[in-house]
Amino acid sequence: MTIEELEQIASETRAKREAGTRELNVCMAAGCLALRSDALKGALDEEVKRSGTSCHVRGVGCMGLCSLGPLVADEPGGVLYRNVTAEHAAELVASPQSEATKKLLCSRDQAFFRRQTNVVLENSGKIDPEKIEEYIAADGYKALVHALGEKSPNEIVQEVSKSGLRGRGGAGYPTGLKWGTVAKSTGVTKYVICNADEGDPGAFMDRSVLESDPHRVLEGMIIAGFAVGASRGYIYVRAEYPLAVKRLGIAIREARKLGFLGSQICNTKFHFDVELRIGGGAFVCGEETALIASIEGRRGMPRPRPPYPAQSGLWDMPTLINNVESFACVPAILRRGGEWFAEIGTKKSKGTKVFALTGKVRNVGLIEVPMGMTLRQIIFEIGGGVPEGHRFKAVQTGGPSGGCIPEQFLDLPVDYESLKEVGSIMGSGGMIVMDDSACMVNVARYFMEFCMSESCGKCIPCRSGTAQMYDLLTRITEGSATPHDLEMLEELCDMVANASLCGLGQSAPNPVISTLRYFHEEYIEHIEQKLCRAGICECGPRLEVAV
Amino acid sequence: MNSAPAVKTLVIDGTDVSATADQTILDAAREHDIAIPTLCHLDGLSEAGACRLCLVEVKGSARLQAACVTRVEEGMEVTTQSPRLEKYRRMILELLFAERNHVCSICVSNNMCGLQDLAKRLGVTQVRFPYRYPRLSVDTSQERFTMDHNRCILCTRCVRVCTEVEGAHTWDMLGRGVNSQLIIDLEQPWGTSNTCTSCGKCVQVCPTGALFEKSKVGMRVPKNPGFLSYLNEMREGQR
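Residues numbered from 1 in each chain as written. Chains lettered and ligands numbered in written order. Predicted model: local features only at pLDDT ≥ 70, side-chain atom pairs only at ≥ 80, totals over all residues. Heavy atoms only, no water.

Novice: Got a minute to help me understand the overall build of chain B in this structure?
Specialist: Along its length, chain B carries six helices and ten strands. Along the first, second and third principal axes, the C-alpha set of chain B runs to 55 × 50 × 35 Å. Split into buried and exposed, the 239 residues of chain B put 48% on the buried side. Nonlocal contacts in chain B, meaning residues at least 24 apart in sequence, comprise 61% of its contacts between residues at least 6 apart. Carbon and sulfur atoms provide 50% of the accessible area of chain B, an area that totals close to 11,600 Å². Counting 28 positive and 27 negative side-chain charges, chain B places the averaged centre of each group 7 Å from the other. (Helix = DSSP H or I, 4+ residues; strand = E, 2+ residues; numbered from the N terminus. Buried < 20%, exposed > 50% of the residue type's maximum accessible area, 1.4 Å probe, protein only. Contact = heavy atoms within 4.5 Å. Areas by Shrake-Rupley, 256 points an atom, 1.4 Å probe, with all protein chains shown as cover. Lys, Arg positive; Asp, Glu negative; His and termini not counted. Charge placed at Lys NZ, Arg CZ, Asp CG, Glu CD.)

Right under this line is the structure:
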C-alpha cells in the first residue's frame, strides 16, 4: 500500500458518498443498540426499499448523546433525530420536514455538542465501523503509511513525546517516555499490548471507541509496533463487550487484507500482526502485570514491579502496554503533529480526554473535552446539570480507584494533577454525577464491595483488608457501628493503601478516604444519630408496627 | 568477560552492608543478621511478594518496598523497623487471624507455626477485627496428608514447591479475593488426584497447620522446610 493507493481508496469512497444521495445514519453502538436501533435500521431499510426512495441507510458508531437514543443523523445537512423508533421509519424516510419528524429533532447547536473537542471521537458516529474504506476516507491509515515511508522509529517516539500525551488508562504516565523505554530495551522479540479491559463501573469510553472506530486503535498499535520494534500485538478486550470483539475482529481481517497487518507492511521490511485475546472476566486483569499473566494463559494475578513490562513483560520480553484511548490518540498526533496536540489542554495534561458522563445528569453519554475544562463546565454545560428538583452533591471520577469530589471543587480544571490533589484520580474517564438523593457512605460501601469481590486474593492487605472495610461500612449503613469502628476504618484505609501489592489494593480505599474527607458528617450521623440524610440506609431503629 | 555480578554497598538500619547486585534487600539483611519478618518467602522457592510483611522503607521512594523482591542498589538507605512498619505488620497478622478459623490451642501446629511465631515476635496481643469464621472444608481423602482450609493463609508456598521443585503442579488457586481457596488439580478430593506424587513437600513448607501428616496428629512433630535448600544445593551440584 502506497500513499497514492490509499488516496485512491479514499477518494473513491468519498465520491460514492458525495454523489448526492441522502443518508440516514443510525447509531449502532451499545447505548442505542440497547434501545433497539438495530430494529430501527431494519425498518428504515425496509421502508426505503418499499417506497423506492433514493436514500442510503447506514449503521454508524456512537454519536455521544446516549440518553436520547436511538439517534439518527440525516446527511447531508447533519439534521439529528432523537428517540427514534421503528414506528418513525416511514415518516423519516418520506419527508424529513414533516410535523411528525419535527418532534424528533435534536439540535446540534447545544452545549453538549458545541463544547466538545473531538480528537479520539472525530470519526465516531460518522463512519461505518465495519468498513475499512470509510476509515480510510476519513484520513485513516494515512499516518501509518506516512510514518513507515518517511519517518524513523525514533522520530515517531519524538513526535509522541512532543505531543505530551499521557496514559489514558488513568495513571497518566508519559506515553512517549514509555515508548522510548521499550524501544531502547533489548529482547529477541517485543510486544505491543492494547489494554481494552475497561472495568470501572459507569465507564464505557473504550467500549465506544472500539465499537465506533476500531481501525483507529489498530492504526495506533501498528505505529507503536514500528516505533518500538515490536512484531506482534495483542488486544486484550473484555468478553463482556461482544460487539467490540466482533468489530475488532472485522477490523483486523480487513486491515490484513489491505496489507496494514502482516509481513512487509506498506512495502517495507516491517512486519506486525495483531491478535485478539478475550478477557477472563476479572477487573484485576486491567492491571498490566495481571493482564500479561492472563495473556500467557495463567491466572490473572499481578506481580510486583519492577521489573516493569517495558523491560520484561509478556513472556519476559519488552512489552509496550497502552490503553485503548492512548492508542486512539496516536494517528491524529502523527497526522497533525505533536505540537498541535500539545496546544490543546493544560501545561501538564495535554490533549483531550473522553469521559463517560453518567448518573444524575440530564445529558448522559460520551463526551470528549480538552484537558483543563472545569468540572462545572462538563457537568452543567455539557451535561445540562442535575435534573429538576435535586441538588448536585458530588461527582465520582476514576471508578473504584477514584474519589468523590464535592461541590466546592466544581471549578477545578480537570487534569491529572488537580484531580489527584483533591483526593480523586483522572482514571480511565468514568464520571458519575450524584445528587442529594445519594448517601455517600453507601456510595463508599458500593465501591468497597466492588473492590472486595474483584480483589485477586494474592496479597493480604487487599484480600482481607477490603473485606473488613466492607463489613465496617456495612455496619455503619446498618446503624450498628460505633465510633471505634470509624477509627478502625481509617486505620485500614491507611494500611491497605500503603501495603497492597498492586494498584487495585493501593487505590481501593480512595472512595472511602475521599468521602471521609468531604462528607465526614454523614458518617457521624449514621453512627451517632442512626440517621441517613438521603434516606437510603436503614440505619434507624426498626419500628415495630402492630397490625 | 566478567560475569560476576557487581558489588553494591548500602545502608540497612544504619549498618553499612555490601551485597551483590542480584541480591534482594532481604538477602542482604539476613546475611547481616538483620531480621525482617516474612511469611510467603521461603529459601528455595520463587518469590510471591504477597504477604507484605517484609515491607521496608527505602529513602527517596514514596512507596514501601517488599524486601523479598527488591534488588539492592548502590547507596540505598533501607529502614526495616519503624513504628509505621510495625503497625502495618501487626495489622496484616490481625487480618490473617480474623480471616479464617485460627484456634491455636487445638491446632496440630501449636507452638510450631509460622503465623503464631510472627504474632508473638511482633507483639500481636489481640485481634481487633471481627473474626469472619467462614465455613470451610477439611480434605482427609489423601492417604497420608490432610488439608484443613480453615487454617490456610494462602501464602502459596505449597503451590510453588509443587510446581517448581516437585514438578507436579497439583496445587493451584480457585476463586478470588477473600473467597480464594487452594485446590487440588481441577478442584477434586486430594485422594483422587493422579498428579500428586504424595511426596509431602507441600506439607513440609506449609507454615501453619493447614497441611499436616495424618499420623502426626497430636504428636507435635515440627515441619522441616529446610530440606529445600539442601535439595536445591544437591541439584545444583549435579549440573
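Novice: It is not clear to me how the sheet that holds strand β7 (residues 145–148) of chain B should be interpreted in this structure. Could you clarify?
Specialist: All names here are of chain B. Spatial strand order, β6-β7-β10: three strands in an open sheet with antiparallel pairing. Each edge of the open sheet is held by one strand with a lone partner, namely β6 (138–139) and β10 (211–213). Across two bridges, β6 lies against β7 in antiparallel orientation. The partner of aspartate 139 across the bridge, within β7, is methionine 147. (Pairing = 2+ DSSP bridges.)

Novice: Explain the pairing of strand β2 (residues 55–60) of chain A here, please?
Specialist: For a regular strand, side chains alternate in direction, first toward one face of the sheet and then toward the other. Residues and elements named next belong to chain A. Within β2, five of the six residues are buried, which leaves the element mostly enclosed by the surrounding structure. Note that strand β1 (residues 22–27) and β2 share six bridges and pair parallel. Pairing of asparagine 25 across the sheet is with arginine 58, part of β2.

Novice: Please clarify how the packing of helix α21 (residues 483–499) of chain A against helix α23 (residues 510–518) of chain A should be interpreted in this entry.
Specialist: Axes are the key here: two packed helices are described by the angle between their axes and the distance separating the axes. Residues and elements named next belong to chain A. Relative orientation of the contacting elements α21 and α23 amounts to 130°, with a least axis distance of 10 Å. It follows that α21 is oblique to α23 by the angle criterion. The hand of the α21/α23 crossing is left-handed. Along the contact surface, α21 presents Leu486, Leu489, Glu490 and Cys493, while α23 presents Val512, Ile513 and Leu516. (Axes fitted to C-alpha atoms, helices over the stretch in contact; angles between N-to-C directions. Parallel < 35°, antiparallel > 145°, perpendicular 65-115°, else oblique. Left-handed = near helix turned anticlockwise from the far one by under 90°.)

Novice: Sorry, what's going on with the packing of aromatic side chains here?
Specialist: For any pair of aromatic rings, geometry is given as the distance between the ring centres together with the angle between the planes. Residue and element names in this part refer to chain A. In total, this model carries 16 aromatic pairs over all chains according to the counting rule given. Between the NZ or CZ atom of arginine 238 and the centre of the ring of tyrosine 241, over which it lies, the distance is 5.2 Å. The ring of phenylalanine 355 has lysine 353 lying over it, and the distance from NZ or CZ to the ring centre is 5.6 Å. (Phe/Tyr/Trp six-rings, centres within 6.5 Å; stacked < 30°, edge-to-face > 60°. Lys NZ or Arg CZ within 6 Å of the ring centre and 35° of its normal.)

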